[in-house]
Amino acid sequence: MIANCIYNISTGENDKSTMWKTDVEDTIRQLEECLKLNNVYQEQHRITKKKLVQIQGGKQFECNEMQIFGKIDLFCRRVVKLIDLFTTINQFQTLSINMLEGMEPLIDRFFEIQSEFRSRNHDLLDYHNNKFDRDYVEFNVHITDLEGRLQHFVNSSFESTASISHSLNLLKRFRAILHRDTLKADLDSKMSIIFQNYGTELEQIQQLYEKQKHDPPISRNLPPVAGNIAWSRHLLNRIEEPMKQFETHQGVMGTKDAKRIIKMYNKVARTLIAFEFLWYKAWIQSIDQANVGLQATLIIRHPDDGKLYVNFDQEILQLIREAKCLDRMGIDIPEGAKIALFQEDKFKRCYAELHWILTEYDSIVADIIPVTAMILRPHCNDIEYMMQPGMVTLTWTSMNIDSYITQVRRGMEQLRELVSSINDIIENRIEKNLRKVSRILLVDLPDDSSFTVSDFVQMQQHFISSKASILQGKNKEIENAVEDLILKIHAKDFEMLQEQISESDADKLRDHYNHYMYQALLHSAKSSMNALKKRIGSRGGTNILSSSKPFFNVDVQLMPPKVSLSPALDDIQTCINSTAKAVLTCYRSVLEWGDCNQSFFERITKDIELVRVALLLTGCVQGIRKTVADYLGTFTKYNWLWKSDKDAEYKKFAIGSPSLDDYEAQLQRFGSIQKEIESVSSIHIIGALSLNTKHLKLHLGRECDDWKFTYSKNLHFQAKKELERITEYTRMKAGRLTRKVEDLDSLRFMMDLLMEIREMETSIEMEIIPVMEMYEMLEHNLPSDFMDEEEIDKKTVLTSNWKKLVKLSQSRNDELSRTQLGFKSALIEDVTVFSLDIQQFRTDFQKNGPLVQGIPPMDAVDRLSRFKEELKIRERKFELYRGGEEIFAFEHKGYPELERTKKDIKIASQLFDLYVDVIRTINDWKLMPWVSVATSIEEMSDLMDSYSGRCKKLPSRLREFDSYSQLKKEIEEFQMVLPLLQELSKDSIKARHWEEIMKICGKEFDVVGNLDFKLESLIAANLVPVREEIEEITDGADKQLKIEEQLRELKAQWETQEFAFQDWKDRDIRVLKATPLVMEELEDAQMNLQTMLTMRHVAPFRPMAQEILGSLCETSDTLELWIKVQLMWCALETVFTGGDIAKQMPKEAKKFVKVDKSWAKIMINASECRIVVDSCADELLRSSLPTMYSELEKCQKSLEGYLEQKQNAFPRFYFVSNAKLLVILSQGSDPLAMNEYYENVFDAIQYVEHDKKDKTIIYKIHGSGGEGHEIIPFAKPVKAVGNIEDWLMTLFQNMRVTLKDLARACAAGIAHVQNDLSCLRPLVDRNIAQFALLGVQMMWTYETQTALEHCQFQKNAMKENSQKQLQVLSEMSSWCLQDLGTKVNRKKIETLVTIHVHQRDIAQELAQLVRAKKVKDANDFDWLKQARFYWRPNNSDDVNKKGAAVVSITDVDFNYQYEYLGSKERLVITPLTDKCYITLAQALGMFYGGAPAGPAGTGKVSEVE
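Residues numbered from 1 in each chain as written. Predicted model: local features only at pLDDT ≥ 70, side-chain atom pairs only at ≥ 80, totals over all residues. Heavy atoms only, no water.

Engineer: Is there a simple way to think about the packing of helix α36 (residues 991–1001) against helix α38 (residues 1027–1056) in this case?
Structural biologist: With their axes 10 Å apart at the nearest point, α36 and α38 run at an angle of 170 degrees to one another. Relative to α38, α36 is oriented roughly antiparallel. Each of Arg 992, His 993, Glu 996, Ile 997, Ile 1000 and Cys 1001 in α36 lies in contact with α38, whose residues at this interface are Glu 1029, Ile 1030, Ile 1033, Ala 1037 and Gln 1040. Considering only residue class, the contact of α36 with α38 consists of six nonpolar, two polar and three charged. (Axes fitted to C-alpha atoms, helices over the stretch in contact; angles between N-to-C directions. Helix = DSSP H or I, 4+ residues; strand = E, 2+ residues; numbered from the N terminus. Parallel < 35°, antiparallel > 145°, perpendicular 65-115°, else oblique. Contact = heavy atoms within 4.5 Å. Nonpolar A, V, L, I, M, F, W, Y, C, P; charged D, E, K, R; others polar.)

Engineer: Would you mind going over the pairing of strand β8 (residues 1070–1073) with me for this structure?
Structural biologist: Sheet faces and side chains relate simply in a regular strand, where the side chains alternate between the two faces. By the bridge criterion, four bridges tie strand β7 (residues 1060–1063) to β8 in an arrangement that is antiparallel. Opposite Gln 1062, over in β8, you have Val 1071 as the bridge partner. In textbook terms, the turn of a hairpin is the stretch between consecutive antiparallel strands, and for β7 and β8 this stretch comprises six residues, one of which, Lys 1065, has a positive phi near 50 degrees. (Pairing = 2+ DSSP bridges.)

Engineer: For this particular structure, what's the right way to read the environment of Leu 1299?
Structural biologist: Along the chain, the position of Leu 1299 falls in helix α47 (residues 1284–1315). Overall, the relative accessible area of 1% leaves Leu 1299 in the buried class. On a C-alpha basis, the gap between Leu 1299 and Phe 1331 in space is 8.7 Å, while along the polypeptide they are 32 residues apart. What Leu 1299 contacts, discounting residues up to four positions off in sequence, is Ile 1272, Ile 1328, Gln 1330, Phe 1331, Tyr 1458, Glu 1459 and Tyr 1460. (Buried < 20%, exposed > 50% of the residue type's maximum accessible area, 1.4 Å probe, protein only.)

Engineer: Would you mind showing me how to read unusual backbone geometry here?
Structural biologist: Negative phi values dominate among residues other than glycine, just as trans dominates among peptide bonds. You will see that Lys 1413, though not glycine, has its phi angle at about 60 degrees, which is positive. Looking at where Lys 1413 falls in the secondary structure, it is placed in the loop between α51 (1383–1411) and α52 (1421–1424).

Engineer: Help me understand the sheet that holds strand β13 (residues 1444–1449), please; the structure alone is not making it clear to me.
Structural biologist: Working definition: the strands of a sheet are paired by backbone hydrogen bonds and lie parallel or antiparallel to each other. Across the sheet, which stays open at both edges, the three strands sit in the order β12-β13-β14 with antiparallel pairing between neighbours. What marks the edges here is a single partner per strand, and that holds for β12 (1428–1432) and β14 (1452–1455). This sheet shows a mean twist of 30 degrees between the axes of neighbouring strands, independent of strand direction. Sheet analysis places β12 next to β13, joined by five bridges and oriented antiparallel.

Engineer: Looking at this model, I keep getting lost on the sheet that holds strand β10 (residues 1257–1263). Mind explaining?
Structural biologist: What the three strands build is an open sheet, ordered β9-β10-β11; its pairing is antiparallel. Each end of this open sheet is capped by a strand with a single partner; those strands are β9 (1245–1250) and β11 (1271–1279). Across the sheet, the axes of successive neighbouring strands diverge by a mean angle of 30 degrees, strand direction being ignored. By the bridge criterion, five bridges tie β10 to β11 in an arrangement that is antiparallel. Bridge pairing in β11 places Ile 1257 opposite Lys 1279. Where α47 meets the sheet, its contacts fall on β9, β10 and β11, and the angle it forms with β11 comes to roughly 135 degrees.

Engineer: In this structure, what is going on with the packing of helix α11 (residues 258–292) against helix α13 (residues 335–342)? I would like to understand it.
Structural biologist: Between two packed helices, both the angle of their axes relative to each other and the distance between the axes serve to describe the pair. Where α11 contacts α13, the axes come no closer than 9 Å and their chain directions differ by 50 degrees. Here α13 runs oblique to α11, going by the angle between their axes. You can see that α11 and α13 cross each other, and the crossing is left-handed. Only Gly 336, Ala 337 and Ala 340 of α13 make contact with α11, whose side of the interface consists of Trp 283, Ile 287 and Asn 291. Broken down by class, the residue content of the contact of α11 with α13 amounts to four nonpolar, two polar and no charged. (Left-handed = near helix turned anticlockwise from the far one by under 90°.)

Engineer: For this particular structure, what's the right way to read the pattern of salt bridges?
Structural biologist: Two side chains carrying opposite charge are able to pair once their charged atoms lie near each other. For the coordinates displayed, the defined rule picks out 32 salt bridges. One salt bridge in this structure joins Asp 1438 and Arg 1296, with 3.0 Å as the shortest N-O distance. Highlighted residues: Asp 1438 in the loop between β12 and β13 and Arg 1296 in helix α47, separated in sequence by 142 residues. Residue classification places Asp 1438 among the exposed positions, given a relative accessible area of 54%. Glu 1343 is paired through a salt bridge with Lys 1364; the nearest N and O atoms lie 2.8 Å apart. Taken as a pair, Glu 1343 in helix α49 (residues 1329–1350) and Lys 1364 in helix α50 (residues 1357–1375) lie far apart in primary sequence, 21 residues in all. (Salt bridge = Lys/Arg side-chain N within 4 Å of Asp/Glu carboxyl O.)

Engineer: Whenever I open this one, a nonpolar patch on the surface confuses me. Can you help?
Structural biologist: Together, Met 1, Leu 37 and Tyr 41 give the surface a local cluster of nonpolar side chains, amounting to about 250 Å² of exposed area. You can see Tyr 41 is positioned in helix α3 (residues 24–54). (Patch = residues over 30% accessible without salt bridge, like charges linked within 9 Å, V, L, I, M, F, W, Y side chains within 5 Å. Areas by Shrake-Rupley, 256 points an atom, 1.4 Å probe, with all protein chains shown as cover.)

Engineer: Is there a simple way to think about a negative patch on the surface in this case?
Structural biologist: A grouping of Asp 661, Asp 662, Glu 664, Glu 773, Glu 776 and Glu 779 is seen on the molecular surface, where their side chains present a negatively charged patch. Take Glu 776: it is sitting in helix α29 (residues 764–781). Of the residues examined, Glu 776 reaches a relative accessible area of 56% and is grouped as exposed. (Lys, Arg positive; Asp, Glu negative; His and termini not counted. Charge placed at Lys NZ, Arg CZ, Asp CG, Glu CD.)

Engineer: Whenever I open this one, the confidence of the model for the chain confuses me. Can you help?
Structural biologist: It should be kept in mind that the predicted coordinates are not to be read in detail where pLDDT is low. Mean pLDDT over the chain stands at 79; residues scoring 70 or higher make up 89%. Across residues 539–546, confidence stays below pLDDT 50; counting only partners more than four residues off in sequence or on other chains, it has 13 contacts. (pLDDT = per-residue confidence, 0-100.)

Engineer: How should a positive patch on the surface be read in this particular structure?
Structural biologist: A cluster of basic residues, Lys 432, Arg 435, Lys 436 and Arg 439, forms a positive patch at the surface. Within the secondary structure layout, Lys 436 lies in helix α17 (residues 401–439). For Lys 436, a relative accessible area of 36% corresponds to the partly exposed category.

Engineer: Looking at this structure, I do not really get the side chain of Ser 438. What am I missing?
Structural biologist: Structurally, the position occupied by Ser 438 is in helix α17. Here Ser 438 is in contact with Ala 520, His 523, Ser 524 and Ser 527, once residues within four sequence places are set aside.

Engineer: For this particular structure, what's the right way to read the packing of aromatic side chains?
Structural biologist: Each aromatic ring pair is summarised here by two numbers: the centre-to-centre distance and the angle between the ring planes. This model, assessed by the stated rule, comprises 16 aromatic pairs. Relative to Phe 275, the ring of Tyr 209 lies with its centre 5.6 Å away and its plane at 85 degrees, an arrangement referred to as edge-to-face. One end of the pair, Tyr 209, is in helix α8 (residues 181–212); the other, Phe 275, is in helix α11, and 66 residues separate them in sequence. With respect to class, Tyr 209 is no different from Phe 275; both count as buried. Above the plane of the ring of Trp 356 lies Arg 409, whose end atom (NZ or CZ) is 4.2 Å from the centre. Note that Arg 1321 overlies the ring of Trp 1375, its terminal NZ or CZ placed 4.9 Å from the centroid. (Phe/Tyr/Trp six-rings, centres within 6.5 Å; stacked < 30°, edge-to-face > 60°. Lys NZ or Arg CZ within 6 Å of the ring centre and 35° of its normal.)

Listed below in structure tokens is the structure:
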């Protein structure tokens, strides 16, 4: 039996590989048959054996079953192993056929295991071979491991599935290909997991439905109804298909959570079906409404712009699209929708035809030249009459639409032909000739000819006459063309009988082109006059070789006080004016249109523009005048020759006491100027003028001669004056030498004169020589007759006369030597007598002088006066005798008594002169009226202080005299009284104070109001003993006066203090302004009053102070509430009286209107009164303010709730103050108004650019920075419609999309820069600042990370990277030395350099760490801790799925947020900055926060940003 089995399996072949070659499933079937054979065989054996047992006495099977079945069982065990082996092979062969993605390594591994097993070359059916069993066990071990990997692959596949349907399909595929029991059990468990996930997906679909049911995502090109139904069916299909599969697995449906999931499924399915039904039902109901549009007329006129439009309701096309889509979806279409669907082609064709007609009509109307619009209006009206049926009777269901379209099209073609022919006439026959007329010049201005004034005028008149005939011919041609134009318009017939061409319109057309003819003639006149002005005023020819010859020869002459031309420029201007007159006169021959004989002359000459041109022409030589003036100005440096006063200039020259060299230099200067004048060119050409300077040069030369004469004449005067001085000195000294000597005085005089002559003899030569040199210079520069005979004689004898004087003085000296003996003896006798007299005078002074003790001071004063007179007599004698002693060389005799007496008299004068001054002054003051004391008290104090100082400075020897003690007492007593008098004389001393003083002193004074009251009465009252009491009274008086003045000032201030008002916007309501200042003044006033009331001196004024304080307190309280109400009213007025907010808050707006009326009434009353205190005391105001404040507070709270809603919708509104936010929201309907506030809600947006035609469309972002700022066009224009917070959010999202596109483009450009560094500058220039910086950082990150990855097998990778970063930095630094155009661009480049300095340092630091083997690859912390920038094209972010810019720090990744940052400066990155980056990045990565701390100005905020 075993042999038969082997034979059956091996098909009779002895080849060991037979089983490997046959089909695996056939082999398994044959092996299973062998097992069945064994089972049947053994079963039959047991049945037979059992039967034999039941037969009594029968022979039994006594044989050993082991011997019977041992071999076959051993063979079957081999068969079981073979079945398992081939089943496994079959399983993996099936996997290889239905291989899933990612399973290739497993299949490859299986085939390796199979090949390895087959390579052992076992006889599979040899059940005695034990080696097979060992290899089989090894095979199963490998298969078990492979199954583990396969099971892991299956689990991974289910984890990566995106939906339940995908999971079920994947499970179905695995069940179809995996048949091993271990894998099947695992697959069965997956169904339960999928079912649980299905429950989660049901919840997600339910949430998705709730979230999107009001605005579901609709497939492209699907209409709303079909799109909503398709969306709901899609969701229903997502939950329905998996449920159908789950229903087939009862094990899954019987789990604990199955009921909950089924219940949820039923709920969601019912909801989706209901959603579809509601949309379908709503669409059915809208069909009739949409069909109403078919009853509309074909054409309609827009009420706003008056244009015609095809009146086709787009709802009909919507209905047709819905019907088509729903029909494709298998939904029943109602009959009404089918009717519209069947006529779709007709509607579209008619719409296209009508649209073309209206577009063509608009094109024709646009082609109509505006001037012909009125005369062609009947033709346009006729076309509109033809289109009238489509605007009145014809609807989209009418039958005769095609004939209507044909008729209108034909009329449109006729109108097009008429308009084209009219435009042709206007362009080629009218406007072309008008241009020719306007270009005709009426003056002939040749460059190569010169004319006299009269010849020039005659030539121009002849030329103008010839051009005038040409102008008249063109005038006639244009007139005929206009008439032909009008006839052509009249020739066309009208469909509408009542339409006809108005003659007034035709006349207007004639007048229009008549006016244009007039304008062309006017332009011709202006051009001609301007050409004449330009030719005359040309500055081209400035020399005789110029190509343009001048028109006129002009003589340059000196006509004081200036250099001028002959003939003058005004005469030349007259010649030009004559030519201009001829130009205007020619227009008399150009006749007006029509039959009249009038010309264009009158109209042209009345034109204000031509008058202005004519006026300009009258000043056309102004250009030449300026050039001529500049040329004549070159002679202004000679103006002083004839303008300056020669004598005055000489006086200035003479002030400095000039030397002869100075005179010579001046005379030489005049000579050089004369030569310079002679070198000036005699002919100079300027434009149309030839200037001749011959006469001017002659005149200036004469002026130079006059200057030389003036200086020479004054030098002569000086020389003559010195000559006469020396001559007179010589004569005078000679006369004095002849005087007789009779006494000591005459002898002394003669001796002094002789000494003076001896001293003069040494210096006289230095005075005579300069005089002689002056005369020598004058003889060279003046005529020979400049001196008279007397002067010549004086000059001749000057030296000889001095010699004679010297000789005479010597003779007089000899004579005096002989006569001086007699004078000597008389002198000796007189000196002896004088000595005795001095001794007697001294003795008398000691006995009877003023310094004798015990005499009264006034007697001493009289004695002092007598001795002063006697002393003067003796001093004169002393001087006479002392001079005689000097003459005769005697020894000076001393007189000590005289000197001592003189000193004593001087000392006594100091004491008694002071005493007399003090007594006289005090007596005068006592008689002074009290009313005058106040003005004189300071002078009195100063004078008494000076007396006291003089007294203290007296010599000590005088203090022993009684007069000194009496003097000192008088001064001290009066000095003690003076301070009291000063205090009592103040204005603060009132009657009440005088009464107190009289009580203290015990005396009566009649001070107040008494003009005769004298100071002596107060001095006699003995005030000094009660000085302290008086000072206390006067001090209190000062304080009371101050309090009284302050109260008076406060009262006067608040009686006149007025409110300042200003108009509130454009409303007739005035509001308070500058109220903080008023409140501050009120508070200061109250504080001052409260302080006053605490003073002890306020008693006389306490009632008044309390009254003022109460009034101001009430005013302050009222004004404080008033200001609060005004602030709230001003804040809410803009909100509730206009704009969008009032419409959204009608209840609060109504409240505010009521308050507004009351406020207006209050402010009218206040503005009429204006006084602060009176206005605040108004009862109406006081009673109204609390109510108004309460109502406005309610409005404010409601408004804050409204603002909270807006801030939640657009969170960036939280960064805007409420005041600004209210302004923004109140102007929400005007997108342009938001331009002022973009900086408050965006980081760097200055303003946005709107479409000029449609302001709701925003095209571009404009950054801050002024000139050269960044401009970023949106990738997709933003539609600013709806609520402002909604379209601002849309703008924000579009900004991020736009900036992400720019970031993607920048990242793409980095590859070119890495290959060629010269591409860096274009990359930076074409990107905005933040992406230029981001691009450089991405490039640095890529290059550094690549170098780190290659550093282990590429030795110099990090060194090359460091050099590369240095090259980049050097390149960018070189740009800073160039002209970068704008400040914004310079800031951009400087920021790149600042950041890349840090990146270069990092590259160098990493290179050093790699060299030191402290960093091995890109995973080291020294690299990971840096801020790294990547562009990952396969990633997605919350903007879109088209890549993502990522910033990585350590193990934390941040997606770039694409906020526009502008061009801003960046701080230098320091090691502390890097630490902040790491710390904050880690905190954010763990969902924590961070708050850098440190001193002010260290960059905390900048680093966080």
